[in-house]
Amino acid sequence: MRTFGITLAVCGVAAAVATFALNALPSSVNLASQLTLEQTIDNIEVEFQNYAANYGKNYETVEDYQTRLAIFRQNKIKNAQLNAQNSGAEFGITQFSDWTLEEFKAIQGAKDIDLSEFPEQFEEIELEQAVNGPIDWRSQGKVNAVKNQGNCGSCWAFSATATMESIHAINKGQLNRLSEQEVVDCSHTGNNGCSGGMYDRAWNDMQKLGGFQTESSYPYTAKAGTCRFNKGSVAAIPAGQTQIRRNDPNAIKAALVNGPVSIALAAGNPYFQGYKGGVLSDSRCPTQIDHAVVAVGWGTTGSQDYFIIRNSWGASWGEQGHIRIAAASGAGVCGMNTYPAQVKA
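Reading the values: the criteria
- Residues numbered from 1 in each chain as written.
- Predicted model: local features only at pLDDT ≥ 70, side-chain atom pairs only at ≥ 80, totals over all residues.
- Heavy atoms only, no water.
- Helix = DSSP H or I, 4+ residues; strand = E, 2+ residues; numbered from the N terminus.
- Buried < 20%, exposed > 50% of the residue type's maximum accessible area, 1.4 Å probe, protein only.
- Contact = heavy atoms within 4.5 Å.
- Areas by Shrake-Rupley, 256 points an atom, 1.4 Å probe, with all protein chains shown as cover.
- Polar contact = N/O pair within 3.5 Å; in protein donor to acceptor, adjacent residues only side chain to side chain.
- Axes fitted to C-alpha atoms, helices over the stretch in contact; angles between N-to-C directions.
- Parallel < 35°, antiparallel > 145°, perpendicular 65-115°, else oblique.
- Left-handed = near helix turned anticlockwise from the far one by under 90°.
- Disulfide = S-S within 2.5 Å.
- Salt bridge = Lys/Arg side-chain N within 4 Å of Asp/Glu carboxyl O.
- Pairing = 2+ DSSP bridges.

Asks: Help me get a handle on the overall build of the protein chain, residues and values and all.
Replies: The number of helices and strands found in the protein chain is nine helices and twelve strands. Buried positions account for 55% of the 345 residues belonging to the protein chain. Intrachain contacts of the protein chain at a sequence separation of at least 6 include 77% that bridge at least 24 residues. Within the structure as shown, the protein chain displays about 14,200 Å² of accessible surface, and the carbon and sulfur contribution to it stands at 47%.

This is the structure we're talking about:
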């Protein structure tokens, strides 16, 4: 029998671990309704068994099974609370529903990031660039299918690679599948393989190294290894990068005219652990960045603008591997305006 074990890895760009108060409910969710929520999910073992089967999870001992069942139940309570607080987004069962919040946080953050350490020679994009309404680079065939980083803290490499893939396709006419494993193995200027890193450093290192190889020539293993660069398999070379004005959603919209944008945000929290769909607009989402993703477009629902964010947790998470996050000023929802950047091809 295949057994299920949790391998903790670290992914992302910061060690910030935000807290989430289960008792921080709006006034409309009182104690009586909380008890009702608990009563309605009291008998969930059949649902848990279906969940384990659907996600291929097996538990080695009775004790482990009972522990994960209890965690699953508590996460359903969290999701019910979040659904009560958020009318525009939906939260429910994901591949992380039998993980504690601490376990989920552990795959997000690795180290503190001081934004002042990043070089200032990046060209700042002009906000006057025309923004002619919503854009979705997926519909234009310039974004590859969502990938899965697994239990390796390599979100930064996936972000760097995905943005390079799209910018190269837009400027050179060919959408290649590039190697995240090459980035994990060969980018060491402040980056640490499965223990976290940052996309801008990855672009610098790949430019100096000679470029991104194809995925087929350097396949992903979800663990750090020795750099095996092969110049003959290079399919895209960074030609610099653009630092996008921080804390300004309109600057991200302007940059999206040129193509997808790498984004850092706060993901080690119940909002991301249970996200199923809709537009996440809750200002209570933490803002200390710990995860790297890619903005592939923006849109509007009603009077609310939102960004389309491509994650690296596989297509079964969220909206086929994506999350929509409301456009907001300042650090933005979940801190997504903190450090946007874009590679050049």
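Asks: Kindly report on the side chain of E103, identifying the contributing residues and their values.
Replies: With respect to the element layout, E103 can be found in helix α4 (residues 101-106). Take E103: its relative accessible area is 15%, and that puts it in the buried class. A polar side-chain atom of E103 sits 2.9 Å from a polar atom in the side chain of R68.

Asks: So what's going on with the packing of helix α5 (residues 155-172) against helix α7 (residues 199-209)? Which residues, and what values?
Replies: Where α5 meets α7, the axes come as close as 8 Å, and the angle between the chain directions of the two elements is 60°. Accordingly, the angle class assigned to the pair α5 and α7 is oblique. Relative to α7, α5 is oriented so that their crossing is right-handed. Residue-level contacts link W156, S159, A160 and T163 of α5 to Y199, A202 and W203 of α7.

Asks: Lay out helix α8 (residues 249-256) in plain terms, naming residues and giving numbers.
Replies: Counted residue by residue, α8 has seven buried out of eight residues, so it is predominantly covered. The backbone nitrogen of N250 has a side-chain oxygen 3.0 Å away, supplied by the residue at the start of α8, namely D248.

Asks: Which residues make up the state of the cysteines, and what values do they have?
Replies: Going through the model one piece at a time under the given rule, you end up with three disulfides. Disulfide partner of C186: C227, at an S-S distance of 2.0 Å. Residues C186 and C227 are joined through a disulfide that is right-handed, its torsion about the S-S bond being 95°. One end of the pair, C186, is in helix α6 (residues 180-186); the other, C227, is in the loop between β4 (212-213) and β5 (234-236), with 41 residues separating them in the sequence. Looking at C186, the relative accessible area reads 12%, which means it is buried.

Asks: Lay out the environment of N258 with the relevant residues and their values.
Replies: Residue placement: N258 occurs in the loop between α8 and β7 (261-265). The spacing of N258 and Q342 is 84 residues in sequence and 9.0 Å in space, taken between C-alpha atoms.

Asks: Can you tell me about the environment of H322, naming the residues and giving the values?
Replies: Mapped onto the elements, H322 comes out in strand β11 (residues 322-326). Using a relative accessible area of 7% as the deciding quantity, one classes H322 as buried. Distance from H322 to Y275, taken between C-alpha atoms, is 9.7 Å for residues 47 residues apart in sequence. In this structure H322 touches R138, V146, Y275, V296, I308, I309, R310 and W317, once residues within four positions along its chain are discounted.

Asks: Help me get a handle on the pattern of salt bridges, residues and values and all.
Replies: Following the criterion strictly, the structure yields twelve salt bridges and no others. Of the charged contacts, one joins D64 and R68 as a salt bridge, the two residues approaching to 3.7 Å between their closest N and O atoms. Highlighted residues: D64 and R68, both in helix α3 (residues 62-85), separated by four residues, approximately one helical turn. Both residues of the pair, D64 and R68, belong to the buried class. Residue E215 is joined to R177 by a salt bridge in which the shortest nitrogen-to-oxygen separation is 2.7 Å. With E215 in the loop between β4 and β5 and R177 in the loop between α5 and α6, this residue pair connects regions lying 38 residues apart in the sequence. Taking relative accessible area as the criterion, R177 reaches 37% and is therefore assigned partly exposed. Each of the salt bridges in this network shares a partner with another, and the network as a whole consists of K147, E165, R177, E180 and E215.

Asks: Break down the pairing of strand β9 (residues 291-301) for me, with residues and values.
Replies: Each regular strand shows side chains that alternate between the opposite faces of the sheet. β9 sits mainly inside the fold: nine of its eleven residues count as buried. Note that β7 and β9 share five bridges and pair antiparallel. What sits directly across from S262, in β9, is V294. Where β9 meets strand β10 (residues 304-310), seven bridges bridge the pair, whose relative direction is antiparallel.

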